[in-house]
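Inside the fold
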Amino acid sequence: MGNQPPLSMVLQSARMEMLKAANGVMQTYGLPPCLMDGIVSGLLADIRAQTSSELVRDIQNSAKDGETENE
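Read on for a plain summary of the structure. (Residues numbered from 1 in each chain as written. Predicted model: local features only at pLDDT ≥ 70, side-chain atom pairs only at ≥ 80, totals over all residues. Heavy atoms only, no water.)

For the rest of this paragraph, the subject is the overall build of the chain. A tally of helices and strands in the chain yields two helices and zero strands. A globule of 71 residues ought to have a C-alpha radius of gyration of about 11 Å, yet the chain, at 19 Å, is considerably larger. In terms of overall dimensions, the chain has C-alpha extents of about 60 × 35 × 15 Å along its principal axes. Within the span of the chain, comprising 71 residues, buried residues form 3% of the whole. As presented, the chain carries roughly 6400 Å² of accessible surface, and 59% of it is formed by carbon and sulfur atoms. Looking at charge distribution, the chain has the averaged site of its 5 positive side-chain charges lying 12 Å from that of its 9 negative ones. (Helix = DSSP H or I, 4+ residues; strand = E, 2+ residues; numbered from the N terminus. Rg over C-alpha atoms; globule rule 2.2 N^0.38 Å. Buried < 20%, exposed > 50% of the residue type's maximum accessible area, 1.4 Å probe, protein only. Areas by Shrake-Rupley, 256 points an atom, 1.4 Å probe, with all protein chains shown as cover. Lys, Arg positive; Asp, Glu negative; His and termini not counted. Charge placed at Lys NZ, Arg CZ, Asp CG, Glu CD.)

Here it is, written out as structure tokens:
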């Protein structure tokens, strides 16, 4: 793990890359920030749904692992 940058740097780099991509999309499609806000809000809702699904899957896998250890 010594080669990996700190999580704070990774998060900041990802944020900057996402902002650059969003600005590129706004420029490419001629979208004003007020319309981009709605698109990003929808993306956030999709990401939150993925997060919830991932959490449920992890809980189910953890329960299965616990059952296997108890056998």
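Attention now goes to helix α1 (residues 7-29). In this model α1 runs 33 Å from its N-terminal to its C-terminal C-alpha over 23 residues, within 8% of the 33 Å that 1.5 Å per residue would give. Downstream of α1 by one or two residues, Gly30 has phi in the positive range, about 65°. (Expected span 1.5 Å × (residues − 1).)

These figures come from the coordinates and say nothing about function on their own.
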